[in-house]
Amino acid sequence: MGSFAYFPHTGEDIRSMLDRCGVNSLDDLYSDVPADFIYKDEYDLDPAMSEQEVREYFEALGRKNVALTVFAGAGAYDHYAPAVIPAITSRSEFLTAYTPYQCEISQGTLRYIFEFQSMICALTGLDVANASMYDGATSAAEAMRLCIASTRAKDTVLVSSTLLPSVLAVVRTYAKWGGIKLVGIPEKDGQTDIGALALLLGSNAVAGAILPQVNRYGIVENHMGAADALHASGALLVEYCDPSVLAVVKTPAEWGADVACGDGQSLGIPLCYGGPYVGFMACRTEHMRKMPGRIVGQTVDGAGRRCYVLTLQAREQHIRREKATSNICSNQSLMALWVTVYLSLMGPQGMKRVNDLCFERSHYLKDSLMSTGLFEDPFPKATFVKEFALKPLVPVESLQQKLLDNGFFGALSDENSYVTFAATEKRTVAQIDALVDVVKSMKA
């Protein structure tokens, strides 16, 4: 196909297909549709445009967008994506990839899904990872279901109140319609209260707990003792993770977690107005058969050559419904490829450098904002890498509007009257100083 992404069917192509179908015209293909259901009027369509006119039309629409400098986080971060990634992922053999049912002709797709799984295992420290999670929120909900499926006669899952609100909302939706009881774990000093978690394990009904590795305030949480308490009561520990930060902090496996899940967006996927993103899930070997989605494995063919196959598929489509752990269907393979290329390019040292820059820029931003005298620090002892929470001493709405008017997106607010800021490696010192100058102007 060369550089062309799409070729329309020619008259000869259409004639050949009609002949193969044994009909004379396209209308004949719909001859069994009742006439009352066929629209017979003229379509209300705008006049046709030339290619140049179409380009100009969409460029005009694009100019209506306001480009803001992003100092927001809340689970989606403005990380740098090397130019080679879209160049590779836009190749036609990847761009059109879907579920690789026929392994004989899907080796390329199966290979990069296998590599994606392997890299997620390296980041989390766990034994096996799957593919096909929609996003972070649904991966957390599927992890909740895994806890129920992996523990018998238990119907309750504990969820930390410091999880991202968007993640909590999806987990609650899955639980409501799945007959699962959710119990919230309170927070203490901006982190999950591990002591309160232990007290909630008095009942034998708890199947697991979902705790954030980096929480809604950007704090890297300390989960010391959580795994021991949960395992002693026959429950599982699920950690919801920012995979980018996993390159420099304690892994879920090191915390004793049974399952890790999260959103791969921070691994170089552009913000894209909210998607598409890609979820991930990893677990210990003993829970592998309870994982949703699919797992690609490596083997050898009849000639002894390395090859890849779909090893496990837990969807209703592939196995008996009563045995299925999920009916999740989206492949998300293209975004898994994006993440795989990103991690291949960055490597361990590149990932460490990204986090070092995030740490430097975000701490500089926090110190600069605190120096204005317009904020209080609610969590002065907290550890964070790129996102933090402050309590503004000015009206939140006025702060947000002032930032927007000057081209900045940040100061996301919550029900506790806190605002969060995030600074990734893309944010420069000049941009940070400019944002702080805008905040200082509110003192006048």
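Just so we're clear, the structure is a prediction, and the values are computed from it rather than from any experiment.

A. Just the overall build of the protein, in detail. In terms of regular secondary structure, the protein is built from 12 helices and 17 strands. Its C-alpha atoms give the protein principal-axis dimensions of roughly 75 × 60 × 50 Å. Per-residue burial for the protein yields a buried fraction of 46% across its 444 residues. In the protein, of all internal contacts separated by at least 6 residues, the share reaching a separation of at least 24 is 69%. One finds the centroid of the 39 positive side-chain charges in the protein at a distance of 7 Å from the centroid of its 50 negative side-chain charges.

B. Spotlight on the layout of surface pockets. Computed from the structure, the largest pocket encloses a volume of approximately 490 Å³. Lining of the largest pocket is provided by 20 residues; of these, V70, L271, C272, Y273 and F409 occupy positions nearest its centre. Along the lines of polarity and charge, the residues of the lining of the largest pocket split into 14 nonpolar, 4 polar and 2 charged. Considering only enclosed or pocket space, the second largest pocket measures out at about 360 Å³ in volume. If you go around the second largest pocket, you meet 21 residues; those closest to its centre are A74, G75, L164, Y240 and D263. Only α6 (136-150), α7 (165-178) and β8 (236-241) provide two or more residues apiece to the lining of the second largest pocket. The residue inventory of the lining of the second largest pocket, partitioned by class, reads 10 nonpolar, 7 polar and 4 charged.

C. Region of the structure containing the nonpolar core. Among the nonpolar cores identified, the biggest contains 43 residues, and L267, I269, V296, V339, Y342 and L343 are the most heavily contacted of them. Those elements that provide at least two residues to this core are α5 (107-124), β10 (279-283), β12 (306-313) and α10 (333-370). Top element by residues in this core is α10. It accounts for 11 residues. If we ignore the near neighbours within four places in the chain, the residues touching L343 are M119, L123, L267 and M351. Counting 30 residues, the second-largest nonpolar core is a separate cluster that includes A143, I180, L236 and V238.

D. Looking closely at empty space enclosed by the protein. In total, this model carries 2 cavities of 30 Å³ or more according to the counting rule given. In this structure, the largest cavity encloses a volume near 50 Å³. Around the largest cavity, the lining residues are Y217, G218, I219, K366, D377, F379, A382, F384, E387, F388 and A389. Residues that form the lining of the largest cavity fall into these classes: 7 nonpolar, 1 polar and 3 charged. Roughly 40 Å³ of volume is contained in the second largest cavity. Counted by class, the lining of the second largest cavity contains 5 nonpolar, 1 polar and 3 charged residues.

E. Expanded view of the sheet that holds strand β17 (residues 419-422). Spatially, 4 strands are ordered β13-β14-β17-β16 in an open sheet, and the strand pairing comes out antiparallel. Each having just a single partner strand, β13 (375-376) and β16 (412-413) make up the two edges of the open sheet. Bridging between β13 and strand β14 (residues 387-392) involves 2 bridges; their strand directions are antiparallel. Residue pairing across strands places E376 opposite K391, the latter belonging to β14. This element, α10, spans β13, β14 and β17 of the sheet and lies at about 10 degrees to β14.

F. Region of interest: a nonpolar patch on the surface. Together, L26, L29, Y30, V33, F37 and I38 give the surface a local cluster of nonpolar side chains, amounting to about 610 Å² of exposed area. You can see Y30 is positioned in the loop between α1 (11-21) and α2 (51-62). Given a relative accessible area of 53%, Y30 falls into the exposed group.

What counts, and where the lines are drawn
- Residues numbered from 1 in each chain as written.
- Predicted model: local features only at pLDDT ≥ 70, side-chain atom pairs only at ≥ 80, totals over all residues.
- Heavy atoms only, no water.
- Helix = DSSP H or I, 4+ residues; strand = E, 2+ residues; numbered from the N terminus.
- Buried < 20%, exposed > 50% of the residue type's maximum accessible area, 1.4 Å probe, protein only.
- Contact = heavy atoms within 4.5 Å.
- Lys, Arg positive; Asp, Glu negative; His and termini not counted.
- Charge placed at Lys NZ, Arg CZ, Asp CG, Glu CD.
- 1 Å grid on protein atoms, 1.4 Å probe; cavity = no way out; pocket = protein on both sides within 12 Å on 5 of 7 lines; lining within 4 Å.
- Points joined across faces, edges and corners; volume = space filled by probe spheres on them.
- Nonpolar A, V, L, I, M, F, W, Y, C, P; charged D, E, K, R; others polar.
- Core = buried A, V, L, I, M, F, W, Y, C linked by side-chain atoms within 4.5 Å.
- Pairing = 2+ DSSP bridges.
- Axes fitted to C-alpha atoms, helices over the stretch in contact; angles between N-to-C directions.
- Patch = residues over 30% accessible without salt bridge, like charges linked within 9 Å, V, L, I, M, F, W, Y side chains within 5 Å.
- Areas by Shrake-Rupley, 256 points an atom, 1.4 Å probe, with all protein chains shown as cover.
- Salt bridge = Lys/Arg side-chain N within 4 Å of Asp/Glu carboxyl O.

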